[in-house]
Amino acid sequence: METNTQTKEKKVAKEIQAISGAEAVVKSLIAEGVDLIYGYPGGAIMPVYDEFYKFQDKIQHVLTRHEQGATHAAQGYARATGKVGVAIATSGPGATNLITGIADAQIDSTPLVCITGQVASHLLGSDAFQETDIVGISTPVTKWNYQITKASEIPTIIAKAFYIAKSGRPGPVLIDITKDAQFEMLDFKYKKCTSIRSYFPVPKVDFNKVKDAANLINNAKKPMIVFGQGVIIGEAETEFKNFIEKANIPSASTLLGLSALETEHPLHFGMVGMHGNYAPNMLTNECDVLIAIGMRFDDRVTGDLSRYATQAKVIHFEIDPAEIDKNVKTDVAVLGDVKETLAQILPLIDKNNHQQWIQKFKDLYQIEYDKIIQKDLSPTKEGLTMGEVIHQINNVTKGDAIVVTDVGQHQMIASRYAKFNKTRSNITSGGLGTMGFGLPAALGAKMGKPEKEVIAIMGDGGLQMNIQEMGTVFQTQSAVKMVILNNEFLGMVRQWQELFFDRRYASTVMTNPDFITIAKGYHFKTKLVTKREELADAVAEMLASKESYFLEVRVEKEGNVFPMIPTGASVSEIRLD
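What you see is a predicted model; the values in this text were computed from it and never measured. (Residues numbered from 1 in each chain as written. Predicted model: local features only at pLDDT ≥ 70, side-chain atom pairs only at ≥ 80, totals over all residues. Heavy atoms only, no water.)

(A) Molecular detail of the pattern of salt bridges. Per the counting criterion, the structure on display carries 29 salt bridges. For Lys241, the salt bridge identified is with Glu262, shortest N-O distance 2.8 Å. In this pair, Lys241 sits in helix α12 (residues 237-247) while Glu262 sits in the loop between β10 (251-253) and β11 (268-271), placing the two residues 21 residues apart along the sequence. Classification of Glu262 by relative accessible area gives partly exposed; the value is 24%. Across the pair Glu286 and Lys360 runs a salt bridge, and its minimum N-O distance is 2.3 Å. Linking Glu286 in the loop between α13 (278-284) and β12 (289-293) with Lys360 in helix α16 (residues 355-377), this pair joins segments that are 74 residues apart in sequence. Take Lys360: its relative accessible area is 35%, and that puts it in the partly exposed class. (Salt bridge = Lys/Arg side-chain N within 4 Å of Asp/Glu carboxyl O. Helix = DSSP H or I, 4+ residues; strand = E, 2+ residues; numbered from the N terminus. Buried < 20%, exposed > 50% of the residue type's maximum accessible area, 1.4 Å probe, protein only.)

Structure follows, in structure tokens:
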């Protein structure tokens, strides 16, 4: 008869098995719930790819056409789902090609785990073929990185990587694995990481600070909220909505905060920042209490810091202590998970009525509507505007699609006019402003949320930064809807040249290829729109399609995005023309 000791020994023997480091990588990813990876193979990572081949029934690898495309696709997947995105590449140029996407993920707080192959450990530092110090290169733009030289480290380091990437304020992590570690055998046992000594990703809430914040809010005559992506990352949308509705406080979003609150909520007055809405920008310098929730006071939001909300008491709800007082001095800092801190403050908040103050926002919105919005959405001039394209898309989607934007004028127009009814439906490159983000990020979003309509809004410049990822869209048969707003310019730079450099259009004119022919080469359904009367039917046809679709719209060449806060100006110096 078998003893208890023998039973335990058999159980342990089952849990521990000798496998290669490469197999351990794949099994560790599966243990973390990863079922989708973006990447590009090469010599130094080939053992891991061989294991992907064996485990393709459990984990899907998507071959992007460039490693940068892999990181952006993983970002789109992470932003749409809230899960950790995963990208993988070989050593040398494969690894360095990941850096732009990693830097983008770092500044936009996107959870990524990037895995790179590396030359064998005995070759490290010898300038071997395709060797780069990717740990040194990536250190400034990762939340954490690590080089594995022994197979036995693989399960522990991967578990730690996923925990760090997702916990607290999320961010990218890079793991570099030498080729010999991929071949080496180890006794494999995987345990998820739930804590790390001296790493405290979520600060403990100081309830006295919560009470201080509530006191300031209850006594405010002109309170205003600016909310950011922290609300979305913290899954605090319900708590946030309950908070603003009870206190009846006018609110405005950062670029990345869009979709945390539905666009047409009566207390949502648009977006702050360089191309944000007139009312919240102007009234930032009139409010008496400014409540920042899950945002970092980026320079594109604040303008001239010396003239930003100097009259206001500032309350900052934030998970990252490094952001407190970094740019704007706070009167009350409420550190902690925003889902928890908003839940704690709600019972302390008085029901309020700020109707006269709210009316100011409405009055200023009307000025912006008359001077800008009406002309953008319902123009009378001959050329098509970017705004009317977004407006037509809204008419069909009713705000239920995921909108992924590239970077430039189209990004600002889409952010101003797209309707967002559901959280995680606005995906864009904010802090780094990476052209080429849109197409691969839309692919990642669509593969993460296949049931959702995903629309990539791009300019002719941004599309060509990663145009090769059309091949990945085609190979995966992902029904991404691609909309190109073609003005034959690098539009945002051209606008600055027009306004601040006497129309000296230095290197911003684009001589473009025939985009429709290229799209047809990838077997996409296509449509070219050059006239206003063609637009509605083309948009309807695109969104009715069950397959990927490429829509090019020729928009006015020298259209500008207003309002605009010039660089170095105060938010209250916002220009309407």
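(B) View of the packing of helix α2 (residues 21-31) against helix α8 (residues 154-166). At a minimum axis separation of 9 Å, α2 and α8 run at an interaxial angle of 30°. The interaxial crossing formed by α2 with α8 has right-handed handedness. Only Ile154, Pro155, Ile158 and Phe162 of α8 make contact with α2, whose side of the interface consists of Gly21, Ala24, Val25, Ser28 and Leu29. Here the residues of the contact of α2 with α8 sort into seven nonpolar, two polar and no charged. (Axes fitted to C-alpha atoms, helices over the stretch in contact; angles between N-to-C directions. Left-handed = near helix turned anticlockwise from the far one by under 90°. Contact = heavy atoms within 4.5 Å. Nonpolar A, V, L, I, M, F, W, Y, C, P; charged D, E, K, R; others polar.)

(C) Broad picture of the pairing of strand β2 (residues 36-39). Neither face of β2 is open: one carries Leu36 and Tyr38, the other Ile37 and Gly39, and all of them are buried. By the bridge criterion, two bridges tie β2 to strand β4 (residues 85-89) in an arrangement that is parallel. Bridge pairing links Tyr38 to Ala87 in β4. (Pairing = 2+ DSSP bridges.)

(D) Broad picture of the domain arrangement of the chain. The domain boundaries assigned to the chain delineate domain 1 (16-188), domain 2 (207-360) and domain 3 (382-554). For domain 1 and domain 2, the distance between their C-alpha centres works out to 37 Å. Contacts between domain 1 and domain 2 engage seven residues on the former and seven residues on the latter. Among the residues domain 1 hides against domain 2, the three largest losses belong to Arg79, Asp108 and Arg169. Together they make up 62% of the total. Seen at the junction of domain 1 and domain 2, the total is two salt bridges. Two residues, Arg169 and Asp320, come together in a salt bridge whose shortest N-O distance is 2.8 Å. Counting the contacts that link domain 1 with domain 2 gives four residue pairs in polar contact (both at pLDDT 80 or more). Residue composition of the side of domain 1 that touches domain 2, grouped by class: two nonpolar, two polar and three charged. (Domains from an automatic or database assignment. Buried area = accessible area lost by both parts, 1.4 Å probe. Polar contact = N/O pair within 3.5 Å; in protein donor to acceptor, adjacent residues only side chain to side chain.)

(E) Structural view of the packing of aromatic side chains. Within the structure shown, the criterion is met by 13 aromatic pairs. An angle of 90° between the planes, with centres 5.8 Å apart, marks the rings of Tyr163 and Tyr199 as edge-to-face. Of this pair, Tyr163 sits in helix α8 while Tyr199 sits in the loop between β8 (185-188) and α10 (207-218), and the two are 36 residues apart along the sequence. Since its relative accessible area comes to 17%, Tyr163 is described here as buried. Classification of Tyr199 as partly exposed rests on a relative accessible area of 22%. Seen from their ring centres, Phe227 and Phe240 are 4.7 Å apart, and the 50° between their planes marks the pair as tilted. With Phe227 in strand β9 (residues 223-227) and Phe240 in helix α12, the pair connects residues that are 13 residues apart, well separated along the chain. When its relative accessible area of 0% is taken as the criterion, Phe240 is described as buried. Taken together, Phe269, Trp357 and Phe361 form an aromatic cluster joined through their ring pairs. Across the ring face of Phe489, the terminal group of Arg494 is positioned such that the distance to the ring centre comes to 5.7 Å. (Phe/Tyr/Trp six-rings, centres within 6.5 Å; stacked < 30°, edge-to-face > 60°. Lys NZ or Arg CZ within 6 Å of the ring centre and 35° of its normal.)

(F) View of α8. Taking 1.5 Å of rise per residue, the 13 residues of α8 would be expected to cover 18 Å, and the 18 Å separating its terminal C-alpha atoms lies within 8% of that figure. Counting buried positions over the 13 residues of α8 gives ten, a clear majority of the element. Residues of α8 that are buried include every one of Ile154, Pro155, Ile157, Ile158, Ala159, Ala161, Phe162, Tyr163, Ile164 and Ala165, and no others. After α8 finishes, the residue Gly168 shows a positive phi value of roughly 60°. (Expected span 1.5 Å × (residues − 1).)

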